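A look at the structure
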Amino acid sequence: MTSLTRITLSGLLAMGVLTGARHAAAGPTDAVLWPTATPTPTPTRDEHRNPEDAERLTHLARQVDAILSEAVQDLGLTLTLSERGHDNDEPPSDDAMVERAKDSWVISPRIRFEAGDLRLELVAVAPGHNVLLTRTQRVTRNRLEVRASVMMRDLIQSERPQTPEPPPAGAPPLHEAQAPRSQGRAVLSLNSAVFGGYVGFALQNASGSNDARLVYPLVALGTGIGLGASMLVTEEWDIGLGDAWYLSAGTWWPIVSELSLARSYGVRSGNAYMGGVAAAAGGITLGAAALTLHPISEGGAVIAHTGGAFGTLFGGLTELAYRGTTKITPERGIGYGAGAGVLLGGVIGMRANISGSRMLLIDLGASLGALTGAAAASPLLLVEEKETKVRDRLWLSSIALGALAGGAIGIWSTNGSPNDSAWTRLHAQPYFAVLPAEPLRGTAASLNAGFQGLW
């Protein structure tokens, strides 16, 4: 056997293997493109019955074949040219297309003259389907390439699943609603503007000037500076609503603490106001440091304010009880209580996973409990006109116990929220039951009360 014969046989064998592999590997990404057909026109549409028109239409049909071949491959499909086993002037039957579309796309272009222009029609069947997809459009000859490519794209993409692009690394999933950036901008701006005005007022008092005309320009200047600073912060960092309220707790409760302590120790007003600025600066610094470690939830911010508010209450009650009188203003107790309370609340709020609404309900329960305790013990103050330390201390203790009891009831009544962390969900609750009387045993009806839960 000569070398030429061996090469020829090898080439034929390779072509046969490739052809067989091509048919064996047919899949959903394959596309069979039938030659563009030129259907027989209706009696009213016989422009191309002229031999020249028929030849020109055949030339355009081959041009469409080339255009669609490139378009199919650009869409990521593997092109398989069909055998031309049918008449080029007639399109394949619907049954033939469905039969061939078991494992690949089948596309049949059709073209004809229509009123001086061209009517291009694309008919396709998706892999494994038995539904014919059709796109038809009247086109001019100079726009044939563009329109044919667009029609082919629309036809293929109409059956493809629209899968969204994966999000970049570190981005939240697409199905999760993304909160707008710096939701706490308004809260931070308001607090910063008011604090800036306070700084201007403190500077005017610290200067020792009694000219009231200096107050308003300094307050306005401080307000503007505070507002501008807050806008810069919210543009640079993502400040949430909880973050903004947390920083406001670190601003105002230290001011309350310092002003109360300064007044109790007889510090001059100008120095007291500047001391409030320093205390607020320290609170803001601690709050900002906490934000760098962990974002603060809205419930955590409410806890910080709760610590300042009830620290003020219990600090004042403690001083009044120590002195045994209600005739004074407990400035020193308020000062120490507000400072210690906001510091403790800020530490707890850093990691608390509790909803803001639930925390507000707990605060409401504690407030109502304090009022209830004061109302329940108020007869102690009306027994005699002469004031005694024992009665005052009992009344103050009733307020403190009422606040604690109201807060506990608020915790139990709002227990079980799925958004709260484990340490905020208590597995115990009070119960009350009336036991019926049993005449045969000689027992009367009784009230049974207590606590039940997991310990």
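Residues numbered from 1 in each chain as written. Predicted model: local features only at pLDDT ≥ 70, side-chain atom pairs only at ≥ 80, totals over all residues. Heavy atoms only, no water.

As a further point, take the environment of Ala101. Within the secondary structure, Ala101 is located in the loop between helix 3 (94-100) and strand 3 (105-114). The buried category is assigned to Ala101, whose relative accessible area is 0%. Put simply, Ala101 and Pro127 are 26 residues apart on the chain and 5.2 Å apart in space, counted from C-alpha to C-alpha. (Helix = DSSP H or I, 4+ residues; strand = E, 2+ residues; numbered from the N terminus. Buried < 20%, exposed > 50% of the residue type's maximum accessible area, 1.4 Å probe, protein only.)

So, about the confidence of the model for the protein chain. Segments scoring low in pLDDT should not have their predicted coordinates read at a detailed level. The predicted model of the protein chain averages 78 in pLDDT, with 74% of residues at 70 or higher. Between the elements of the protein chain, mean pLDDT differs from a low of 39, seen in helix 1 (residues 3-24), to a high of 93, seen in helix 9 (residues 298-323). Note that pLDDT drops below 50 for residues 1-26; the model gives that stretch seven contacts with residues more than four away or on any other chain. Note on residues 421-427: pLDDT is under 50 here. Beyond four places in sequence and across chains, it has 20 contacts. (pLDDT = per-residue confidence, 0-100. Contact = heavy atoms within 4.5 Å.)

Bringing the nonpolar core into the picture now. Counting 29 residues, the largest nonpolar core has Trp105, Ile107, Ile111, Leu118, Leu120, Leu144 and Met152 as the members making the most contacts within it. Of all the secondary-structure elements, those providing two or more residues to this core are strand 1 (30-33), helix 2 (51-74), strand 3, strand 4 (117-125), strand 5 (132-139) and helix 4 (144-157). The leading source of residues in this core is helix 2, at eight residues. What Met152 contacts, discounting residues up to four positions off in sequence, is Leu68, Ala71, Val72, Leu75, Ile107 and Leu122. Core analysis: the next-biggest nonpolar cluster, separate from the first, contains 10 residues, Ala370, Ala377, Trp395 and Leu396 among them. (Core = buried A, V, L, I, M, F, W, Y, C linked by side-chain atoms within 4.5 Å.)

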